[in-house]
Amino acid sequence: SRRELAAAAAPPAAPIADAVAARWAVALAAGVAAVHAAHVAHRDLKPANVLLSAASDEAAAVKLSDFGLARQAFAGDEALGFSTRLGTPVYAAPELLDAQARRDGVLYDGFKADVWSLGVTIAELGAPPAHPVPRQRDLLDSRRRMQPAGLGAVADAKLRDTLVDVLQEEPEARPTAEDLHARLV
């Protein structure tokens, strides 16, 4: 049976065991690294776009889904910079929510934005949000929750430290998906 990660992690579901959350985090990072290695930015990473292949958390294979907003881009190509701000706002990187940058037509790195979204998704494995899909007006609170002080609910210290690096406001400070995967294994 197939289900979404969002359903597995949302209250009132039983908390996800730390070992299971860690395995899913590694699988998610590997999946995003593979997508990026194919020069594709997903642009809408979130729990609802992650499928779990089995009813048992311990046996579930983790699969990325919904590539409807994905776009291929190559280094050195003008297409590497994205201008269209798409995706689910609560999982979107800060640079996608910057209204002034949008007005000015500033491009953003879709791969670094994916890493932010991946970080929020992984953080929610260890500390599910109060609302499965927060309202638009809750975005500021969700950003505060993703700051280092708000990651205290993530039990695993190694994962918490890694997420501090992933959830950097400046895209250039974030690791690549490949680097993130290497840190999690």
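Residues numbered from 1 in each chain as written. Predicted model: local features only at pLDDT ≥ 70, side-chain atom pairs only at ≥ 80, totals over all residues. Heavy atoms only, no water.

(A) View of the overall build of the protein chain. Summing up its helical and strand segments, the protein chain has 8 helices and 7 strands in all. Of all 185 residues assigned to the protein chain, the portion counted as buried reaches 45%. Partitioning the contacts of the protein chain with sequence separation of at least 6, the portion at a separation of at least 24 is 69%. As displayed, the protein chain has an accessible area near 9,000 Å², and 56% of this comes from carbon and sulfur atoms. (Helix = DSSP H or I, 4+ residues; strand = E, 2+ residues; numbered from the N terminus. Buried < 20%, exposed > 50% of the residue type's maximum accessible area, 1.4 Å probe, protein only. Contact = heavy atoms within 4.5 Å. Areas by Shrake-Rupley, 256 points an atom, 1.4 Å probe, with all protein chains shown as cover.)

(B) Local environment of the sheet that holds strand β4 (residues 62–64). Taken in spatial order, the 3 strands make up an open sheet running β1-β3-β4, and their pairing is antiparallel. Lying at the two open borders of the sheet, with one neighbouring strand each, are β1 (3–4) and β4. Note: strand β3 (residues 50–52) against β4, 3 bridges, orientation antiparallel. Counterpart to Val50 in the pairing with β4 is Leu64. (Pairing = 2+ DSSP bridges.)

(C) Focus on the pattern of salt bridges. Scanning the model with the defined rule gives 3 salt bridges in all. With a closest N to O distance of 2.6 Å, Asp165 and Arg183 form a salt bridge. With Asp165 in helix α7 (residues 157–166) and Arg183 in helix α8 (residues 177–184), this residue pair connects regions lying 18 residues apart in the sequence. Residue classification places Arg183 among the partly exposed positions, given a relative accessible area of 33%. (Salt bridge = Lys/Arg side-chain N within 4 Å of Asp/Glu carboxyl O.)

(D) A look at the packing of helix α2 (residues 18–37) against α8. Their axes nearest at 8 Å, the elements α2 and α8 cross at an angle of 155 degrees. Relative to α8, the element α2 lies roughly antiparallel. Of the two elements, α2 crosses α8, and the hand of that crossing is left-handed. Counted together, Ala25, Val26, Ala29, Ala30, Val32, Ala33 and His36 of α2 and Ala177, Glu178, Leu180, His181 and Leu184 of α8 form the full contact between these two elements. (Axes fitted to C-alpha atoms, helices over the stretch in contact; angles between N-to-C directions. Parallel < 35°, antiparallel > 145°, perpendicular 65-115°, else oblique. Left-handed = near helix turned anticlockwise from the far one by under 90°.)

(E) Summary view of the packing of α7 against α8. At a minimum axis separation of 10 Å, α7 and α8 run at an interaxial angle of 165 degrees. Relative to α8, the element α7 is oriented roughly antiparallel. Crossing of α7 against α8: the hand is right-handed. In this structure, α7 contributes Lys158, Leu159, Asp161, Thr162, Asp165 and Val166 to the contact, and α8 contributes Leu180, Arg183 and Leu184. Its residues placed into classes, the contact of α7 with α8 shows 4 nonpolar, 1 polar and 4 charged. (Nonpolar A, V, L, I, M, F, W, Y, C, P; charged D, E, K, R; others polar.)

All we've got here are geometric facts, nothing functional implied.
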